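Here's the letter readout for the chains.
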Amino acid sequence: GAKSDGRRTYRFFESGMDARAKARRSLELELRQAIADGGFELHYQPLLHLEAGGVSCCEALLRWRHPERGTISPADFIPVAEDTGLINDLGRWVLDTACCEAVNWPEHVHIAVNVSPIQFKSETLALHVAAALAASGLSPSRLELEITEAVLIRDDEAALDVLHQLRALGVRIALDDFGTGYSSLSYLQRFPFDKIKIDRTFIKDLAGTGASSTIVQAVVNIAAASDMTTTAEGVETEQQRSMLRVLGCTEMQGYLFSRPIPAVEIRKLLSSHRERAASVA
Ligand code: C2E
Ligand code: MG
Ligand code: MG
Ligand code: MG
């Protein structure tokens, strides 16, 4: 009858929750282990200056080399790392590693590091950034910290305070994934970002009949009026690249030029790219 069906559904739901909670718990334990064992690796994806054509920056993207499950995407483990607070240790490792890697690159190439909203709440972020810079000897102006709007939503004043501390260190601040989530133009007014990264949902539809090109143009105009640069995320086609040049976007990032690649490969890419640029000049 209806009653027993209901009970069966309920029990099924309950055991489903249980399985999910268990999976999460084991993921958390594995994450802790991987942080202790050095199970993480950074890949780097170049950002290309649209006018000049050269690589202006590389973004560090975290990869987890899981012993059984292969490489796990950050989308699958960052949320767990955030819920458990493990993101603070992991984020610190990312900062240290990325800064140390970037000192091997040509001096004009910046390094971009993603920073979780949770790291902003720990109150030690500016300290850790300063330590990473000191240990690596990287010039602060080469470090770009990518934050999302989520940072600015809650605890506005505290977040602004941290942003100003970071700015005082001489690092650059980029607003990541702009146009998604709780986007509000007022965020751009409340803090002077150095760069706006336009989310790839707008780039994907750039050549379509929708409003994407109008939106990208508006963001580029707002940015230019406030001394900010713009980066288009997820550029996959030549058509998108040429449209972005016309729209006046500063940089592009995407599979069209390169996927995120290991440190050894990014060094090769940067040196061959520099030679090519030098031979053209
Ligand atoms: P994000 O910061 O917006 O990074 C860009 C993402 O877009 C990367 O995914 C990159 O591989 C992907 N991507 C780049 N070009 C293209 C393209 O042409 N097409 C498509 N479809 N995708 C492209 P990934 O590496 O999987 O990282 C996902 C997200 O995980 C990042 O988004 C960032 O929010 C987070 N993440 C990655 N590394 C870190 C980290 O060290 N710390 C923190 N807190 N978050 C990180
Ligand atoms: Mg990013
Ligand atoms: Mg992004
Ligand atoms: Mg994105």
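This text gives an overview of the structure that appears in the document. Quick caveat, the model's predicted, so the values are computed rather than measured.

## Looking at the coordination of the magnesium ion (ligand 3)
Part 1 of the argument: Within the protein, D176 (OD), D177 (OD) and E233 (OE) serve as the donor atoms for the magnesium ion (ligand 3), at 1.9 to 2.3 Å.
Part 2 of the argument: Motif for the magnesium ion (ligand 3), donor spacing along one chain: D-D-x55-E.
Part 3 of the argument: A distance of 3.6 Å spans the gap from the magnesium ion (ligand 3) to the magnesium ion (ligand 2), which D176 bridges by coordinating each metal. Residue D176 is found in strand β6 (residues 172-178), and its partner E233 is found in the loop between β8 (229-232) and α11 (238-247); the two are separated by 57 residues along the sequence. Residues D176 and E233 agree in their burial class; the two are buried.

## Some thoughts on the site of ligand 1
Part 1 of the argument: Among the 21 residues in the neighbourhood of ligand 1, the closest are listed as R63, N114, D176, E236 and Y255.
Part 2 of the argument: Taking R63, its side chain carries an N or O atom lying 2.8 Å from an oxygen atom of ligand 1.
Part 3 of the argument: Between ligand 1 and D176 there is a distance of 2.9 Å, counted from an oxygen atom to a side-chain nitrogen or oxygen.
Part 4 of the argument: Among the elements of the structure, β2 (55-66), α2 (74-83) and β6 are those that each provide at least two residues to the shell around ligand 1.
Part 5 of the argument: The leading source of residues in the shell around ligand 1 is β2, at four residues.
Part 6 of the argument: Broken down by class, the residue content of the shell around ligand 1 amounts to eight nonpolar, five polar and eight charged.

## A closer look at the nonpolar core
Part 1 of the argument: One finds Y44, I111, L143, L145 and L166 to be the most contacted residues of the largest nonpolar core, which totals 76 residues.
Part 2 of the argument: If you tally residues by element for this core, the top one is helix α3 (residues 87-102), at seven residues.

Criteria and thresholds
- Residues numbered from 1 in each chain as written.
- Chains lettered and ligands numbered in written order.
- Predicted model: local features only at pLDDT ≥ 70, side-chain atom pairs only at ≥ 80, totals over all residues.
- Heavy atoms only, no water.
- Donors = N, O, S within 2.8 Å, 3.2 Å for Na, K, Ca; no water.
- Helix = DSSP H or I, 4+ residues; strand = E, 2+ residues; numbered from the N terminus.
- Buried < 20%, exposed > 50% of the residue type's maximum accessible area, 1.4 Å probe, protein only.
- Near = heavy atom within 4 Å.
- Polar contact = N/O pair within 3.5 Å; in protein donor to acceptor, adjacent residues only side chain to side chain.
- Nonpolar A, V, L, I, M, F, W, Y, C, P; charged D, E, K, R; others polar.
- Core = buried A, V, L, I, M, F, W, Y, C linked by side-chain atoms within 4.5 Å.

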